[in-house]
Amino acid sequence: MPHNRLSSTLRACIATAALITATGPARAAETSECHVGSYRLADGRIVDIAPLEGDRLRWRTFDGAVGELKPQPGGGWQSLYGWTGRPDGIAVDPGACGDDRISFAGSDARRLSFDVTERDFTGRDGVTLKGRLVMPQGKGKVPVVVLVHGAERDAALRFNFLQRLFPAAGIGVFVYDKRGTGTSGGIYTQDFDLLADDAIAAMATARKLAGKRAGRVGYQGASQGGWVAPLAANRAPADFVIVSFGLAVSILDEDLQQMEMELADKGYPPEIIAKAQEIARAAGEIFASNFKQGYAEFDAVRAKYRGESWYKDVHGHITWLLLPHEEAAMRAEGPKYDWGTPFRYDPMPTLTANKTPQLWVLGGRDYQAPAKETSRRLGTLIDAGKPFTLAVYPQAEHGITLFETAPDGARVSTRFAEGYFAMMRDFIKDGGIGADYGDARISGGGKRD
């Protein structure tokens, strides 16, 4: 996820520390990143141009359309459909470095300027984290959202495009590189407790920097951030939480549910799925013990089912990592996964104790964060009067993207679900959402009639 010339001071053909990693990209990437920014078309629509690795770029419109921009050997750029790599026929000309205008689909667009403040802040245990507040220009109050990482190791300061897309819609954003990623200090971790305290420190920094301009202030946590953000909101005041493609179950349950979806999609009946989940439970014990125990049980269940025709299709979220290996190899690989991951963490006590309004946006076809059980659990909380709103896009996968399925079953994303960004915008601004955001199925207290 990405960056731009976030204000009129970040101009011309300079990548700047706000746009480049600590080691710095190659010259071609520096050149391409001078185009990074959000732009407003003549008809009012917003298009964002974000960096990718190398000299490529990615455009996104606020309605969810996506394309990749690939530089051509003879000059100019070719736009490719979603993540497919196929030309989409859309003409995009970012112009020269330093230009404030681009041409997009036959329409001129002007680069938007924001008020940007770079700030180091201190996370738990004294770790120095790098953050950035991006505000719409002006003096009036605006809501502010703190972006909480998923499990990715990418530098959010460089790649999280929401740091521009939300300000283009009148919302302030605080974005930061979580510990062990990008330009921040510390060691990469998946310790939810630790990451929640870092998120609280990020929110405190955002409030201080925004000052009198801060209106509603809350979190948007994506994927693994969906475990972290509710924890943070329960520990220190927040006005709202958005969980995007997150889970109300444990990581071990995530593995079981992903396996169920994958095998059901391949046509296997429940009795076969139950056998495959025996393997997943044994694999989960190895992960949860930090690779210290569970090998005999895992070997036994693999031996029991290895000759079955369905065994080749067993995958899951984490089980597939262990399937090809024997004990010695697994023990050797174990330290690579020593990230403090709380595999048995049950988010329900945190959610049950919650008093902060939350919007959960899930994908009905998401293998990595299956929506079925999470939706059921959230439904019980909604029925109990908790201030939750649930929106499920029935055909979306992880990331709330739509996709094509290749003959071999591989998925290729094509765009974000229509209305996804608008739904988050509306909830951030006033805590409620309407009824029409593409094909999202919405329930809960935040839905306006």
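Only a predicted model underlies this, so the values are computations on that prediction, with no experimental measurement involved. Just so you know, the residues in each chain are numbered from 1, in the order the chain's sequence is written. Reporting in this predicted model follows two pLDDT cut-offs: at least 70 for local features of residues, and 80 or more for side-chain atom pairs to be given and counted; totals over whole chains, interfaces and linings ignore these cut-offs and use all residues. Heavy atoms from the whole structure form the basis of all side-chain values; hydrogens and water molecules are not counted.

Caption draft 1: The side chain of Gln257, seen in detail. Looking at the element boundaries, Gln257 is found in helix 6 (residues 251-265). Residues in contact with Gln257, not counting those within four places in the same chain, are Val249, Pro370 and Glu373. Starting at the N terminus, helices and strands are each numbered in turn, a helix being any DSSP run of H or I of at least four residues and a strand any DSSP run of E of at least two. Two residues form a contact once any of their heavy atoms are found within 4.5 Å.

Caption draft 2: Structural context of the confidence of the model for the protein. Each residue carries a pLDDT score, the predictor's confidence in it, ranging from 0 to 100. Averaged over all residues, the pLDDT of the protein is 92; the fraction at 70 or higher stands at 92%. Low pLDDT (under 50) marks residues 1-28, which in the prediction has 84 contacts with non-local residues, meaning those over four places away or in another chain.

Caption draft 3: Just the pairing of strand 18 (residues 411-416), in detail. Pairs of strands are assigned from DSSP output, requiring at least two bridges between the strands. As judged from the 5 bridges shared by strand 17 (residues 401-405) and strand 18, these two strands associate in the antiparallel manner. Among the inter-strand pairings, Glu404 is bridged to a residue of strand 18, identified as Val412.

Caption draft 4: Representation of the nonpolar core. Only buried residues count toward a nonpolar core. Its members are Ala, Val, Leu, Ile, Met, Phe, Trp, Tyr and Cys residues joined through side-chain atoms within 4.5 Å. Any residue under 20% of the maximum accessible area for its type is buried, any over 50% is exposed, and the rest in between are partly exposed; the area is computed with a 1.4 Å probe on protein chains only. Tyr219, Ile279, Phe298 and Trp360 are the most contacted members of the largest nonpolar core, which totals 78 residues. In terms of residue count, the dominant contributor to this core is helix 4 (residues 192-210) (10 residues). The residues touching Phe298, leaving out its near neighbours within four places in the chain, are Ile279, Ala282, Ala283, Ile286, Leu322, Leu323 and Met330. Counting 43 residues, the second-largest nonpolar core is a separate cluster that includes Phe62, Phe240, Phe421 and Met423.

Caption draft 5: Just helix 13 (residues 420-430), in detail. Burial analysis of helix 13 places 8 of its 11 residues in the buried class, the great majority of the element. Note on helix 13: the residue one or two positions beyond its end, Gly431, has a positive phi of about 80°.

Caption draft 6: Fine view of the sheet that holds strand 6 (residues 92-93). If you trace the 8 strands from one edge of the open sheet to the other, you get 5-4-3-2-1-8-7-6, paired in antiparallel fashion. Each edge of the open sheet carries a strand with a single partner, namely strand 5 (77-81) and strand 6. Pairing between strand 1 (residues 37-41) and strand 2 (residues 46-51): 4 bridges, direction antiparallel. Bridging across to strand 2, Gly37 finds its partner in Ile49.

Caption draft 7: Representation of the sheet that holds strand 14 (residues 241-244) within the structure. An order of 9-10-12-11-13-14-15-16-19 is seen for the 9 strands of this open sheet, with the pairing classed as mixed. Strand pairing shows two members of the sheet lacking a second neighbour, strand 9 (114-122) and strand 19 (441-444), which therefore form its edges. Each neighbouring strand pair of the sheet contributes to a mean axis angle of 20°, computed without reference to strand direction. With 6 bridges joining them, strand 11 (residues 142-148) and strand 13 (residues 214-222) adopt parallel strand pairing. In the strand pairing of strand 13, Val142 is matched with Ala214. Axes here mean lines fitted to C-alpha atoms, for a helix over just the part in contact, with angles spanning 0 to 180 degrees between N-to-C directions. Against the sheet, helix 4 makes contact with strand 9, strand 10 (128-136), strand 11, strand 12 (172-177) and strand 13, and its axis sits at roughly 135° relative to strand 9, the strand it touches most. Together, strand 15 (358-363), strand 16 (388-393) and strand 19 form the strand contacts of helix 12 (residues 371-383), whose direction differs from that of strand 16 by roughly 155°.

Caption draft 8: Geometry of unusual backbone geometry. In this structure, Phe245 takes a positive phi of about 45° despite not being glycine. Following the sequence through the fold, Phe245 ends up in the loop between strand 14 and helix 6. A residue is classified by how much of its surface remains accessible, and Phe245, at 10% relative accessible area, is buried.

Caption draft 9: The arrangement of the pattern of salt bridges in detail. Put simply, a salt bridge is a Lys or Arg side-chain nitrogen that is within 4 Å of an Asp or Glu carboxyl oxygen. Summed over the entire model, instances satisfying the criterion amount to 28 salt bridges. Between Arg344 and Glu285 there is a salt bridge, and its shortest N-O distance comes to 2.9 Å. Note that Arg344 is positioned in the loop between helix 10 (327-333) and helix 11 (348-353) and Glu285 in helix 7 (residues 270-288), a separation of 59 residues in sequence. One salt bridge connects Arg302 with Glu326, and the closest N-O pair in it is separated by 3.7 Å. Of the two residues, Arg302 sits in helix 8 (residues 295-305) while Glu326 sits in the loop between helix 9 (319-322) and helix 10, which places them 24 residues apart along the sequence. For Glu326, a relative accessible area of 45% translates into the label partly exposed. What you see here is one network of salt bridges that share partners, running through Arg124, Asp193, Asp197 and Arg235.

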